[in-house]
Amino acid sequence: MLAQTVDAKVRFEDLPGLVGCELGVSDWFTIDQPRIDAFAEVTEDRQWIHCDVDRAKAEMGGTIAHGFLTLSMLSVMTSQILQIEGFSRGINYGFDKVRFLTPVPAGARVRLREKLRSAERKAGAMLLTRECAVEIEGRTRPAMTAEWIGVYYP
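Here we summarise the structure given alongside this text. (Residues numbered from 1 in each chain as written. Predicted model: local features only at pLDDT ≥ 70, side-chain atom pairs only at ≥ 80, totals over all residues. Heavy atoms only, no water.)

## Remarks on the side chain of E135
Logical step 1: Among the secondary structure elements, E135 is positioned in strand β7 (residues 125-136).
Logical step 2: Residue class for E135 comes out buried when judged on its relative accessible area of 19%.
Logical step 3: Among the polar contacts made by the side chain of E135, one reaches the side chain of R113 at a distance of 2.7 Å. (Helix = DSSP H or I, 4+ residues; strand = E, 2+ residues; numbered from the N terminus. Buried < 20%, exposed > 50% of the residue type's maximum accessible area, 1.4 Å probe, protein only. Polar contact = N/O pair within 3.5 Å; in protein donor to acceptor, adjacent residues only side chain to side chain.)

## A closer look at unusual backbone geometry
Logical step 1: Its identity as a non-glycine residue notwithstanding, E44 has a phi of 60°, on the positive side.
Logical step 2: Position of E44 among the secondary structure elements: in the loop between α1 (33-43) and α2 (48-51).
Logical step 3: In this structure E44 comes out as exposed when scored by relative accessible area, which is 61%.
Logical step 4: Phi angles above zero are rare outside glycine, and A123 is one such case at about 50°.

## Here we look at the side chain of E22
Logical step 1: Along the chain, E22 falls in strand β2 (residues 22-25).
Logical step 2: Within the structure, E22 has its side chain in polar contact with the side chain of R113 (distance 3.2 Å).

## Some details on the nonpolar core
Logical step 1: Of all hydrophobic cores here, the largest spans 34 residues; its most connected members are L15 and L74.
Logical step 2: Sorting the residues of this core by element identifies β3 (29-31), α1, α4 (67-72), α5 (74-81), β6 (108-122), β7 and β8 (144-153) as the ones contributing at least two each.
Logical step 3: Among residues more than four places away in sequence, those in contact with L15 are V10, L82, I84, L116, A119, M126 and L128. (Core = buried A, V, L, I, M, F, W, Y, C linked by side-chain atoms within 4.5 Å. Contact = heavy atoms within 4.5 Å.)

## Description of the layout of surface pockets
Logical step 1: For the largest pocket, the calculated volume is near 260 Å³.
Logical step 2: Around the largest pocket sit 16 residues that line it, and T78, F87, G90, R130 and Y152 are the ones nearest its centre.
Logical step 3: Mapped onto the lining of the largest pocket, the elements with two or more residues apiece are α5, β4 (83-85), β5 (89-100), β7 and β8.
Logical step 4: A total of four residues in the lining of the largest pocket trace back to one element, the largest contributor, which is β8.
Logical step 5: Split by residue class, the lining of the largest pocket holds eight nonpolar, seven polar and one charged. (1 Å grid on protein atoms, 1.4 Å probe; cavity = no way out; pocket = protein on both sides within 12 Å on 5 of 7 lines; lining within 4 Å. Points joined across faces, edges and corners; volume = space filled by probe spheres on them. Nonpolar A, V, L, I, M, F, W, Y, C, P; charged D, E, K, R; others polar.)

## Examining the pattern of salt bridges
Logical step 1: For the coordinates displayed, the defined rule picks out eleven salt bridges.
Logical step 2: In this structure, the salt-bridge partner of D14 is R11, at a minimum N-O distance of 2.9 Å.
Logical step 3: On the basis of relative accessibility, which here comes to 34%, the residue D14 falls in the partly exposed class.
Logical step 4: The closest approach of N and O atoms between E22 and R113, which form a salt bridge, is 3.2 Å. Here the residue E22 occupies a position in strand β2, and R113 occupies one in strand β6, the gap between them amounting to 91 residues.
Logical step 5: Taken together, the shared-partner salt bridges in this structure form one network comprising E22, R111, R113 and E135. (Salt bridge = Lys/Arg side-chain N within 4 Å of Asp/Glu carboxyl O.)

## Brief notes about α5
Each α-helix winds once per 3.6 residues, and so residues spaced three or four apart point in a common direction.
Logical step 1: Residues of α5 that are buried include every one of L74, M77, T78 and I81, and no others. Projection of α5 onto a plane perpendicular to its axis shows the buried side chains occupying an angular sector of 95°, all on one side. (Arc of directions from axis to C-beta.)

## Re the environment of R89
Logical step 1: Secondary-structure assignment places R89 in strand β5.
Logical step 2: Expressed as a C-alpha distance, the spacing of R89 and Y152, which sit 63 residues apart in the sequence, is 5.9 Å.
Logical step 3: In terms of polar contacts, R89 uses its side chain to reach the side chain of S88, at 3.3 Å.

## Examining the packing of aromatic side chains
Each aromatic ring pair is characterised by the separation of its centres together with the angle its planes make.
Logical step 1: All told, the structure shown has two aromatic pairs when counted by the stated rule.
Logical step 2: On the basis of an interplanar angle of 10° and a centroid distance of 5.9 Å, the ring pair of F95 and W148 is categorised as stacked. Here the residue F95 occupies a position in strand β5, and W148 occupies one in strand β8, the gap between them amounting to 53 residues.
Logical step 3: On the basis of relative accessible area, W148 is assigned to the buried category, the value being 12%.
Logical step 4: Positioned above the aromatic ring of W48, the side-chain terminus of R55 is 3.9 Å from the ring centre.
Logical step 5: Here the guanidinium or amino end of R89 rests over the ring plane of Y153, the centre of that ring lying 4.1 Å away. (Phe/Tyr/Trp six-rings, centres within 6.5 Å; stacked < 30°, edge-to-face > 60°. Lys NZ or Arg CZ within 6 Å of the ring centre and 35° of its normal.)

As structure tokens, then:
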């Protein structure tokens with residue numbers, strides 16, 4: 001069966017009918033060295049593979065983004081894919097699975113591809129699980145995959 005891509009805006013009550021559908025693909029985002037450096041400062045993770053451009057270039061061809069930087073980009077990327085109408089708030093519930101499969105080199109562009117895995121009603125809210133794949137432009141293997149859970153309240 002071919003994956004169905006949904007429209008960008010979906011009513012809260014229609015979410016269960018989208019289980020199994022591809023939700024869409026975000027725009028490309030550039031993961032440049034200033035973004036990597038800013039993330040390093042905020043998180044205090046200044047490992048040389050992320051921040052020492054000269055050493056990383058000599059030893060491994062260049063710096064790479066933090067895996068958690070790639071993970072944190074999900075919020076902005078998913079906001080481009082699906083807008084849920086008729087809910088008051090959404091809360092990040094967590095992840096069932098996160099895998100960092102391919103390093104994201106400084107200067108690369110990434111985007112998110114999402115599929116709705118499940119939509120369960122719980123105590124008046126909706127528990128959504130999304131299958132996420134962060135793709136790197138020009139590469140076949142994703143940078144990261146994750147099963148992301150959010151709780152949405154009407």
